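Summary of structural features
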Amino acid sequence: NKVKETQQQVDEVTGIMNNAIGQMLDNQQKVSDLQDKSENMKQGASQFKKKTNQVKRLMWCRNIKLTLIIIAIVLILIAVIVVPIVVHFT
């Protein structure tokens, strides 16, 4: 009878240990998956940062071009208005 009780306890402990080992392996797999996902997110963030810098530079260049075009148009308009007046009074 004591042998059966002891065997039952051993079987229970064996079952608990098997469950613990199974959970540990599952947790290890989950950690590995999380590491992979975090690495992918890190690479995605790096690419996103690179693209945003490219877009920022592109928009800055477009803004400068537009500003220069507006300045040129204003100067041409001033010249068109001022030159005939100067020629007329000279």
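Residues numbered from 1 in each chain as written. Predicted model: local features only at pLDDT ≥ 70, side-chain atom pairs only at ≥ 80, totals over all residues. Heavy atoms only, no water.

The protein appears in an unreviewed UniProt entry as V-SNARE coiled-coil homology domain-containing protein from Dictyostelium purpureum. Checking UniProt for the protein, the heading Subcellular location (unreviewed entry) contains the comment "Cytoplasmic vesicle membrane". (UniProt positions renumbered as here; feature names shortened; annotations may be inferred.)

**Structural notes on the overall build of the protein**
Along its length, the protein carries one helix and zero strands. Taken over C-alpha atoms, the radius of gyration comes to 38 Å for the protein, far larger than the 12 Å a tight globule of 90 residues would show. Principal-axis analysis of the C-alpha atoms places the extent of the protein at approximately 130 × 15 × 10 Å. When burial is assessed residue by residue, the protein has 0% of its 90 residues classed as buried. Only carbon and sulfur atoms are counted for the fraction: they give 66% of the accessible area of the protein, which is about 8800 Å². (Helix = DSSP H or I, 4+ residues; strand = E, 2+ residues; numbered from the N terminus. Rg over C-alpha atoms; globule rule 2.2 N^0.38 Å. Buried < 20%, exposed > 50% of the residue type's maximum accessible area, 1.4 Å probe, protein only. Areas by Shrake-Rupley, 256 points an atom, 1.4 Å probe, with all protein chains shown as cover.)

**Points about the UniProt feature "domain: V-SNARE coiled-coil homology" (unreviewed entry) in the protein**
Mapped onto the present numbering, the UniProt feature "domain: V-SNARE coiled-coil homology" (unreviewed entry) falls at residues 2-62. Helix makes up 100% of residues 2-62 and strand 0%. Its end C-alpha atoms lie 88 Å apart.

**A few points about the environment of Ala72**
Here Ala72 lies in helix H1 (residues 2-89). With 17 residues separating them in the primary sequence, Ala72 and Phe89 have C-alpha atoms 26 Å apart.

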